[in-house]
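Listed here are the chains, written in short residue letters.
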Amino acid sequence: MNPGRRSGKGKEPVDINALSTNGHLTTADPKVESIPIREEELMRVICQALFEHGYSKSAQLLQDESGYRLESSTVTRLRAAVIAGEWEIIEQLIPAINIGQDSAVRVKFSIRRQKFLELLERNSVHEALHVLQTEISPLNIHMAKLRLLASLLMCENIEEVKRMADWDGADGISRHRVLLEIQKYIPSSLLIPGRRLETLLGHAIRLQETMCAYHTPDDEHISLYSDHSCDHTPFPFEATHIFDEHSDEVWFIAFSHDGSHLASSSKDDLAIIWSVDQVFRPVHILSGHDGPISFVAWSPDDKYLLTGSSDKSIKLWNAKTGYCENTFSHHMDAVMAVAWLPDGKRFVSGSHDMNLILWSVSGEILHKWTGSRITDLAVSPDGMRLVAIIDKRIRIYSLADKSEMTTFQEKDDITSICLAKDGRHALVNLSNKGIHLWDLDEMKMIRQYTGQKQGRFVIRSCFAGSDQRFVVSGSEGIHEPPMCAGAQLTEHADAKIYVWHRNQSKALEILPGHTGCVNCVSWNPRLNMLASASDDGTIRIWQPKRLE
């Protein structure tokens, strides 16, 4: 059944390129390609919105002028009967809707269940039992549902019934919930889903957000009056500070969780904690390792910092005092990565000695996975999964029972991994100049980011933006110059920072400035800040361009 056009003539067709604006005609933009929309659907959706917002007279006028009814008289009577609890009328109307046998059974169950519960609410137990036996049971519904309804007859009071049935009574919203439930089985052409115009406009806004390359959730309200486009000015594209206290290549950097500090590690055997909130300076220079430091990791509360080194050790530092509080020396080869668990009492380390170790901060080895040479690792934000990089493989372990959950493979060696805050998506840098975005739950690669150069060195990418809408990575040069601050690049070198929208493969921005391979980047969501570390011995802090 289709409500269709009412009897009688509708309005004469009008030129859709002549649009009315506050009583004046204006011409639609000829550059915008129009999308064919059925007039009947448009009028009915607008009519529904008018009714929902209380403009019933305008809605009725639109129906009269257009010749289209919002819905058939049968559907209108059905809707009113559900809200009024007129069960006999509803039963008479269901066959007239012509929705098919299976859908009709589901609709009848929803209606008769509501009828049964309302009888219990009125303490009409015998009538409720009669409905259960003669009206609900013949529907041949799932036995578990039937047993639940039968058990409600034994409840001592209506509060217990409501709790067990997840039902708020006839005076609550239960009848409206029934209407929403049966709407699933009635074609939308007969019964338009509620707030349909707002839903469509919401989809349009989300699409514009997705298509906007620089959109962030912090942007102001998106207007319906014009197409949405964000200015890229707020993104941190300007290098505002350069840290050059390291005397050799800087391999790793990480902002603290509160965004107030940055930690860096270098080939010069040092790690440095920097202040980056208003005052930009080194706070602690952490010395004690006997080899280059490949990795740093902040504890969840930012009180401690772990450093992993090629001297085969891991050190635990007090981030406030700069004092080394513990050294962990079980590994037999270079420590490549460390990661905290969310409780701040345990962490995991990976090494070239083919061992993954779960530690307590006191130094106790809680578990060991053996047999694989570890390149990098990450722990999911919920602390349930450990993701390890082993040559070309991504291997996931359960931190609950320590079992291997799954393993899947890339085409080339993986040099690093960055896990998204949802724990599901991960960036992996490959040795063949590629960056891939993986869905770890689906075990599939969903996007490749192109442009940056990688082949000989470990380069670490990161998610950026307050909602991780962007991807950022460094890049190496084809011919690296001798490392020194201020060195000049050869004409074939790159050493740039690449920025992509997460949903686009081509880079949005390419940031020059470093004079050596950019090994690592880190994002500071609180301060809208980006940091980069390079073989040129420097760390650059990137912030939004200052307005003149």
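Procedures and definitions
Residues numbered from 1 in each chain as written. Predicted model: local features only at pLDDT ≥ 70, side-chain atom pairs only at ≥ 80, totals over all residues. Heavy atoms only, no water. pLDDT = per-residue confidence, 0-100. Contact = heavy atoms within 4.5 Å. Pairing = 2+ DSSP bridges. Helix = DSSP H or I, 4+ residues; strand = E, 2+ residues; numbered from the N terminus. Axes fitted to C-alpha atoms, helices over the stretch in contact; angles between N-to-C directions. Phe/Tyr/Trp six-rings, centres within 6.5 Å; stacked < 30°, edge-to-face > 60°. Buried < 20%, exposed > 50% of the residue type's maximum accessible area, 1.4 Å probe, protein only. Core = buried A, V, L, I, M, F, W, Y, C linked by side-chain atoms within 4.5 Å.

Here we look at the confidence of the model for the protein chain
Here the protein chain shows a mean pLDDT of 89. Residues at 70 or above account for 89%. Contacts for the low-pLDDT stretch residues 4-27, under 50 throughout, to residues beyond four places or in other chains number 26 contacts. When the criterion is pLDDT under 50, residues 478-492 qualifies, and its contacts beyond four places in sequence or with other chains add up to 33 contacts.

As for the sheet that holds strand β11 (residues 324-328)
Neighbouring strands of a sheet are bound in pairs by backbone hydrogen bonds; such pairs are parallel or else antiparallel. Taken in spatial order, the four strands make up an open sheet running β8-β9-β10-β11, and their pairing is antiparallel. Each having just a single partner strand, β8 (293-298) and β11 make up the two edges of the open sheet. Within the sheet, the average angular offset between the axes of one strand and its neighbour, ignoring direction, is 20°.

Describing the packing of aromatic side chains
Summed over all chains, the structure comprises 13 aromatic pairs. With a centroid separation of 4.3 Å and 5° between ring planes, the pair formed by Phe243 and Trp274 is classed as stacked. Here Trp274 lies in strand β6 (residues 271-275) and Phe243 lies in strand β3 (residues 238-243), a separation of 31 residues in the sequence. The same class applies to Phe243 as to Trp274, namely buried. Within the aromatic cluster, the residues linked to one another by ring pairs are Phe235, Phe237, Phe470 and Trp523.

Topic: the nonpolar core
In this structure, Leu262, Leu306, Leu356 and Leu386 are the most contacted members of the largest nonpolar core, which totals 53 residues. Once residues within four sequence positions are removed from consideration, Leu356 is found in contact with Val348, Ser349, Gly350, His367, Lys368, Trp369, Ile374, Leu377, Leu386, Ala388 and Tyr397. Within the second largest apolar cluster, 28 residues are counted, among which are Phe463, Val471, Leu511 and Val521.

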